[in-house]
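Next come the chains, spelled out residue by residue.
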Amino acid sequence: MVTKIEAAVRFIRGLYTDNPSVGIVLGSGLGSFTAEMTIEKEIPYGDIPHFPVSTVEGHSGKLIFGVLGGKKVIAMAGRFHFYEGYSAEEVVFPIRVMKFLGIETLLLSNAAGGMNTNFEVGDLMVINDHISLFTVNPLIGENSDALGPRFPDMSEPYSKQLIAAAKSIAKANHLDLKEGVYCGVTGPTFETRAEYKFLHIIGSDAVGMSTVQEVIAAVHMGMTVFAISVITDLGIREEENKITHAEVLEAAGKAEPKLTLLFKELIAQM
Ligand code: HPA
């Protein structure tokens, strides 16, 4: 594993030599976020040794190096999902590469279905904890001590400090920011009515098909993590409740300016 990470890092270093400190993972329909960046270099995933290649609509599939909020950042435009058929290890490979490139802080975004009855489509929810439900843990297998410990603590996967900073940024910008627990599932089916209800009862406020595996890998390596869900649909409703990928992408696109503002300000304060 470490050999593969190092090969990817060597390749990237041959094309880009600066030392970004913040990594950003963009969720479904959130790719145009990068228009806010001063782009210095783009590397398609397909060019990087051992990188999986993204297949889902709405994911362009490249690493973008540049400046945002006055800091050097790496943005992953497009991520790898377990439901695409990648192994859990493949899903987190880019996160490990970012860490080996010197990234200490990871900001993630995702599209998620809301279950908290106070949520509306288009809301942003700061993730303060997660429940991993049927997602395969990316640390299963032989542990590489070069990455992190065999049994990592998960009592605070999401940085309390960054959550507090995000709340004050939201307040200063009159931006409504929700907070809650994200439940990670495999997908690719959206949940049944009974499943949305169940996930809510066990303590989740939003549900999605990404993020949890990446966060586990990041915490394993000692990274500081902040993540946010864009609520793109509501799981618990009385009326007809069909959910489509197109609807998810549309809602994500509409909420994107708020997310961009938040990430930008958060990075500027680091
Ligand atoms: N469920 C699971 N994943 C999702 C949803 C949802 O309702 N919306 C966006 N991603």
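Look up a bit, the structure's there.
Colleague: What is the right way to look at the overall build of the chain in this model?
Modeller: Check the secondary structure of the chain and you find six helices and nine strands. Taking 270 residues into account, the globule formula puts the C-alpha radius of gyration at 18 Å, and the chain, at 17 Å, falls close to it. Counting only C-alpha atoms, the chain reaches 55 × 40 × 35 Å along its principal axes. Excluding contacts between residues fewer than 6 apart, the proportion of contacts in the chain whose partners are at least 24 apart in sequence is 82%. Counting every atom, the chain has about 11500 Å² of accessible surface; 53% of that belongs to carbon and sulfur.

Colleague: It is not clear to me how the pattern of salt bridges should be interpreted in this structure. Could you clarify?
Modeller: Pairing is possible between side chains that carry opposite charge, provided their charged atoms lie close to one another. Evaluation of the coordinates by the stated rule reveals nine salt bridges. Of the charged contacts in the structure, one is a salt bridge between E40 and K72, with a shortest N-O distance of 2.7 Å. One end of the pair, E40, is in strand β2 (residues 38-44); the other, K72, is in strand β4 (residues 71-77), with 32 residues separating them in the sequence. According to the relative accessible area criterion, E40 is partly exposed, its value standing at 36%. In this structure, the salt-bridge partner of E179 is K167, at a minimum N-O distance of 2.7 Å. A residue pair is termed long-range when its members are at least 10 positions apart, and E179 in strand β7 (residues 177-184) and K167 in helix α3 (residues 160-172) qualify at 12 residues. With relative accessibility at 40%, the residue K167 sits in the partly exposed group. Where salt bridges share partners, they join D18, E40 and K72 into one cluster.

Colleague: What is the right way to read the site of the ligand from this model?
Modeller: Looking at the ligand, the residues that line it are A111, A112, G113, F190, E191, Y196, V207, G208, M209, T232, D233 and V248. A distance of 3.3 Å separates a nitrogen atom of the ligand from a polar atom in the backbone of A111. Contact distances for the ligand include 3.3 Å between a nitrogen atom and a backbone N or O atom of G113. Here the ligand, which alone exposes 260 Å², has 96% of that area covered by the protein. Counting only elements with at least two residues in the shell around the ligand, the list comes to β5 (105-114), β8 (206-208) and β9 (224-234). Classifying every residue of the shell around the ligand by side-chain character gives seven nonpolar, three polar and two charged.

Colleague: It is not clear to me how the pairing of β4 should be interpreted in this structure. Could you clarify?
Modeller: A regular strand places its side chains on the two faces of the sheet in alternate fashion. In terms of burial, β4 is largely enclosed, as five of its seven residues are buried. With five bridges connecting them, strand β1 (residues 22-26) and β4 associate as parallel partners. Bridge pairing links G23 to I74 in β4. Adjacent in sequence and paired antiparallel, strand β3 (residues 62-68) and β4 are bridged by two residues, among which G69 carries a positive phi angle near 55°.

Colleague: Explain helix α6 (residues 245-269) here, please?
Modeller: An α-helical segment advances 3.6 residues per turn. Residues three or four places apart therefore align on the same side. Taking 1.5 Å per residue as the helical rise, α6 with its 25 residues ought to reach 36 Å, and the 34 Å between its terminal C-alpha atoms agrees with that figure. For α6, the principal kink sits at E256 and spans about 45°; a proline, P257, occurs within the next four residues. Turning to α6, its buried residues number three or more, namely V248, L249, A251, A252, A255, E256, L259, T260, L262, F263, L266 and I267.

Colleague: In this structure, what is going on with the packing of aromatic side chains? I would like to understand it.
Modeller: Working definition: an aromatic ring pair is given by the centre-to-centre distance plus the angle between the planes. Inspection of the entire model under this criterion finds seven aromatic pairs. Where Y16 meets F65, the ring centres are 4.6 Å apart and the plane angle is 35°; that geometry is what we call tilted. Of the two residues, Y16 is situated in the loop between α1 (2-15) and β1 and F65 in strand β3; the sequence distance between them amounts to 49 residues. Taken together, a centroid distance of 5.3 Å and an interplanar angle of 80° make the contact between F80 and Y86 edge-to-face. In this structure F80 comes out as buried when scored by relative accessible area, which is 1%. We classify Y86 as buried; its relative accessible area is 13%. By the ring-pair criterion, three or more aromatic residues cluster together here, those being Y45, F51, F80, Y86 and F93.

Rules behind the numbers
Within each chain, residues carry numbers counting from 1 in the order of the written sequence. Per-residue local features are limited, in this predicted model, to residues with pLDDT of at least 70; the limit for side-chain atom pairs, both in listing and counting, is 80 or more; totals at the level of whole chains, interfaces and linings are taken over all residues. For side-chain calculations, the full set of non-hydrogen atoms in the structure is used, while hydrogens and water are omitted. Secondary structure counts use DSSP, requiring at least four H or I residues in a row for a helix and at least two E residues in a row for a strand, with both numbered from the N terminus. Here the radius of gyration uses the C-alpha set of atoms, whereas the globule reference equals 2.2 Å times the residue count to the power 0.38. Residue contacts are defined here by distance: any two heavy atoms, one from each residue, within 4.5 Å place the two residues in contact. To measure how exposed things are, a 1.4 Å probe is used in the Shrake-Rupley method; for residues, cover is taken only from the protein chains shown. The rule for a salt bridge is simple: a side-chain nitrogen of Lys or Arg has to be within 4 Å of a carboxyl oxygen of Asp or Glu. Relative accessibility decides the category of a residue: with a 1.4 Å probe and only protein chains considered, values under 20% of the type maximum give buried, values over 50% give exposed, and everything between is partly exposed. In this text, near means that some heavy atom of the residue lies within 4 Å of the molecule or strand in question. N or O atoms within 3.5 Å of each other form a polar contact, as long as, within protein, one can give a hydrogen and the other can take it, and as long as residues adjacent in sequence are counted only when both atoms are side-chain atoms. The nonpolar class holds Ala, Val, Leu, Ile, Met, Phe, Trp, Tyr, Cys and Pro. Asp, Glu, Lys and Arg form the charged class, and all remaining residues, Gly among them, are polar. The pairing criterion for strands is at least two bridges between them, as found by DSSP. Expected span of a helix: the number of residues minus one, times 1.5 Å. Fitting axes to the seven residues that end at a residue and to the seven that start at it, the angle between those axes gives the bend at that residue. What counts as a ring pair is set by centres within 6.5 Å for rings of Phe, Tyr and Trp (its six-membered ring), and what kind of pair is set by the plane angle: stacked under 30 degrees, edge-to-face over 60, tilted for all other angles.

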